[in-house]
Amino acid sequence: LLRLVVFARKYWGQLTLAFLCLLASTAFSLVVPRMLGRGIDVILTSGDRNFLIMAALIIVAASVLRGLTGYANTYLTQLVSQKSAYDIKNALFERLQQLSFAFYDRAQTGQLMSRATVDVEAVRMFFGMGLLGISQTLILFVATAVIMITLDWKLALLSLAFMPAIAWRTIVVSQRLAPIWLKVQQVIAALGTTLQESLSGVRVVKAFAWQQGESRKFSADAIALYNAEVETSRQVAVNMPMMTFLLSLPTALVLWYGGRQVVAGELTIGSLTQFILYLGMLSMPVRRLGFLVNNLSRVVSAGQRILEILDTESQIKEKPDAVPLEKIEGRIIFNKVSFSYDAVSPTLKNITFSVQPGQLVALLGSSGSGKSTIASLIPRFYDVSAGRITIDDIDIRDITLASLRKNVGIVQQDIFLFSATIRDNIAYGAVDASMEDIINAAKAAHLHDFIAGLPEGYNTWVGERGITLSGGEKQRLAIARTLLVNPAILILDDSTSSVDTETERHIREALDKLIRGRTTFIITHRLPIIKNADLILVLKDGELVEKGKHRDLMAVNGLYYRIYQAQLAANEGEDLAGDEHGTR
Ligand code: ADP
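Note that this is a predicted model, so its numbers are computed, not measured. Positions within a chain are numbered from 1, following the residues in the order the chain's sequence is written. A pLDDT threshold of at least 70 governs which residues receive local features in this predicted model, and a stricter bar of 80 or more applies before side-chain atom pairs are shown or counted, although totals over entire chains, interfaces and linings include all residues. Computation of side-chain values: all heavy atoms of the structure, hydrogens and water removed.

Asks: Could you give an account of the overall build of the chain, with specific residues and numbers?
Replies: Under the scheme used here, helices are H or I runs from DSSP no shorter than 4 residues and strands are E runs no shorter than 2 residues, and both carry numbers assigned from the N terminus. Looking only at helices and strands, the chain has 20 helices and twelve strands in total. Taking 2.2 N^0.38 as the reference for a compact globule, 584 residues should give roughly 25 Å; the C-alpha atoms of the chain span a radius of gyration of 36 Å, well beyond that estimate. Along the first, second and third principal axes, the C-alpha set of the chain runs to 120 × 50 × 45 Å. Scored against the burial criterion, the 584 residues of the chain give a buried share of 45%. At a minimum sequence separation of 6, the contacts of the chain that also span at least 24 residues come to 78%. Accessibility throughout is a Shrake-Rupley quantity obtained with a 1.4 Å probe, and a residue counts as covered only by protein chains that appear here. Accessible surface, the chain as shown: approximately 30,100 Å² in total, 60% of it carbon and sulfur. Positive and negative side-chain charges in the chain, numbering 58 and 53 respectively, have mean positions lying 8 Å apart. Between the two quantities, the radius of gyration covers C-alpha atoms and the globule rule is 2.2 Å times the number of residues to the power 0.38. Relative accessible area decides the class of each residue, using a 1.4 Å probe on protein chains only: under 20% of the type maximum gives buried, over 50% gives exposed, and in between gives partly exposed. Residues count as neighbours in contact if any of their non-hydrogen atoms are within 4.5 Å of one another. Counting rule for charge: Lys and Arg are taken as positive, Asp and Glu as negative, and neither His nor the chain ends is counted. Taken as the charge centre is NZ of Lys, CZ of Arg, CG of Asp or CD of Glu, depending on the residue.

Asks: I'd like a rundown of the environment of T74, residues and numbers included.
Replies: Topologically, T74 is positioned in helix α3 (residues 49-98). Sequence-wise, T74 and L22 are 52 residues apart; in three dimensions their C-alpha atoms are separated by 8.6 Å. The term polar contact refers here to a pair of N or O atoms within 3.5 Å; inside protein, the definition further demands a hydrogen-donor-capable atom paired with an acceptor-capable atom, and it admits residues adjacent in sequence only when both atoms are side-chain atoms. For T74, the side chain forms a polar contact with the main-chain oxygen of G70, separated by 2.8 Å.

Asks: Explain the nonpolar core residue by residue, including any values.
Replies: Counting 47 residues, the largest nonpolar core has I426, L484, L492, I536 and Y560 as its most contacted members. Residue contributions to this core peak at six residues, all from helix α16 (residues 471-485). With sequence-adjacent residues up to four places away left out, L484 is seen in contact with I426, A427, A430, A433, D437, I438 and A441. Here the nonpolar core consists of buried residues drawn from Ala, Val, Leu, Ile, Met, Phe, Trp, Tyr and Cys, with membership extended through side-chain atoms lying within 4.5 Å. The next biggest cluster of nonpolar side chains, apart from the first, holds 34 residues, and it includes I328, I332, F334 and L377.

Asks: Any chance you could break down the packing of aromatic side chains for me, citing the residues and the numbers?
Replies: Side-chain rings of Phe, Tyr and Trp, where Trp is taken by its six-membered ring, are said to pair if the distance between their centres is within 6.5 Å; with planes under 30 degrees apart they count as stacked, over 60 as edge-to-face, and otherwise as tilted. Enumeration according to the criterion identifies 14 aromatic pairs in this entry. Between the aromatic rings of W256 and Y257, the centroid separation amounts to 6.3 Å while the plane-to-plane angle is 50 degrees, which identifies the pairing as tilted. Owing to a relative accessible area of 23%, Y257 belongs among the partly exposed residues under this scheme. Taking 5.0 Å as the distance between ring centres and 80 degrees as the angle between the ring planes, the aromatic pair formed by F416 and F418 counts as edge-to-face. Counting every residue linked through ring pairs, the aromatic cluster contains F101, F339, Y341, F381 and Y382.

Asks: Go over the side chain of T460, please, and point to the residues and values.
Replies: If you trace the backbone, T460 turns up in the loop between α15 (448-452) and β8 (461-462). Of the polar contacts made by the side chain of T460, one reaches the backbone oxygen of G457; its length is 2.6 Å. When neighbours within four sequence positions are excluded, T460 is seen to be in contact with A420, T421, I422 and L454.

Asks: Can you explain the environment of V238? Please cite residues and give values.
Replies: By the element assignment, V238 lies in helix α9 (residues 211-263). Overall, the relative accessible area of 40% leaves V238 in the partly exposed class. In sequence terms V238 and S100 are 138 residues apart; their C-alpha atoms lie 47 Å from each other.

Asks: Could you give an account of the site of the ligand, naming the residues involved and the relevant values?
Replies: When at least one non-hydrogen atom of a residue lies within 4 Å of a molecule or strand, that residue is treated as near it. Surrounding the ligand, one finds D105, Y341, T347, S366, S367, G368, S369, G370, K371, S372, T373 and Y382. Interatomic distance of 2.7 Å between a backbone N/O atom of G368 and an oxygen atom of the ligand. For the ligand, an oxygen atom lies 2.9 Å from a polar atom in the backbone of K371. Bound to the protein, the ligand loses 59% of the 560 Å² it would expose on its own. Element by element, the count of residues in the shell around the ligand is highest for helix α11 (residues 371-377), at three residues.

Asks: Describe the pattern of salt bridges, with residues and values.
Replies: Each salt bridge in this description consists of a side-chain nitrogen of Lys or Arg and a carboxyl oxygen of Asp or Glu lying within 4 Å of one another. This structure, assessed with the given rule, holds 15 salt bridges. Salt-bridge contacts for K349 lead to E543; the nearest nitrogen and oxygen are separated by 4.0 Å. Taken together, the residues span a long stretch of sequence, with K349 in strand β2 (residues 348-355) and E543 in strand β12 (residues 543-548) at a distance of 194 residues. Owing to a relative accessible area of 40%, E543 belongs among the partly exposed residues under this scheme. Each of E329, R331 and D393 takes part in a single network of salt bridges with overlapping partners.

Function cannot be inferred from these measures alone, as they are strictly geometric.
Below you can see the structure in the form of structure tokens.
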């Protein structure tokens, strides 16, 4: 909790001011019962009119001042709480942006979203009411208690005797509530995950006609949330009347015992009135304590969840003396590289190869053999477990991450489009690109004609995940995006590429343009590209079993030969099928 308070420390000036206003407002509110009590005594004794007028004026003035300082206090604390929440949210987001692929391999989106929203909100509420609320509660309690003791110490002790019971009750309730709050927060996160998954996977859900299953999953989470929330309400509901009851006991006692003292002439009616009014004021901080303790248990669990993320270190760290990669040639060397996702079973074993600037490297091997893994090591999405990777003879761990990734362009298999215009999606990595550059990139990617044919052209909105674009169009958009950034090194995951059709030709021509002049790694089934590659890497179970050019590898008559023959046979089958369509 203290670590989160650090976020509010920045605003200590405003907090101090708020605190002073709080002190003033508390002091002003304490004036009113005193004046009332004194006034009643004056009425019953001297009947001094001037004093009565003065007392009335003081009460009005104190109330006005109390209102003003109360306003300032509330406003300032809310200001600080909102600003701190804003800072926490930004810190969280920044951290989430930094975290490595390894973190996201394990994280659930819904969980992360609930931390950035629900949990931050809980902490904000605490900053708003709890941070100063606790001190206010204490001040109000001590000040009222002291005034009561100076008025009549016996009566005061009588009433204060009940406070330990109330405090005990508060602690019991908060201890019961703490695990339920934790549960509420966990269930909200689970609910978020279910919601997020069934929404982004809505096509799969519908295709498998599994709406009912998703509804059941959601309703199970929702009922758990309902139960937990109802339980907290029940606890609070039981607690409220209990507190009221406990607080009514000293009032009754004061009336009985104090009344006897008044009758015996040991206490004035005005003092008794003052006393009862202060007793009423004393109940406020005591009740608030219950609320605060309850709030505190919620904040502690929310804070833990937030700090969990803030404390997660990215596994990919930039060295303090990392150098930016300037204009590069694009020579890449893998030197005895091994890698494991889980630090248990190796995914890549002892991979060594070197690529000259501008060369085309084709990665081959059955699915799961480690092709994509090799590709994701180059931009340092993961760090090697052993060995090293160099670009232009610099170890990639010595290069700043931003400059490394600017120099390595990636066209992934699963292309993500942002909810934005086509123009903004193409310019995603190059925000300051001119319209002319964007159009040129689109032309090179064979996408311009398609875009020009759209009613709003480049300003056409691409829906979430670009559902209005076909797979081929998306791929060409990704190619245009990468062309615009113009990286010296290129990684193309083209593994789902299908057979020759009209769009296929477009894609291939776009790919050819993209590859030209760059060191390129490509995962593909396209034989013409593979045959032309300067280096073919054949992988099997994470090991590099063959490397070389097409001709050399064919001569070896090994795994490459077999893959090639199989692919050729598959392509011929498809070509034949295509011909049949053509003649029909
Ligand atoms: P390919 O691209 O050749 O199909 P990959 O490089 O994707 O193969 O995968 C190699 C192996 O690593 C597979 O066994 C796969 O299950 C595993 N793997 C891939 N990505 C991850 C990941 N993010 N976390 C853990 N294991 C992974």
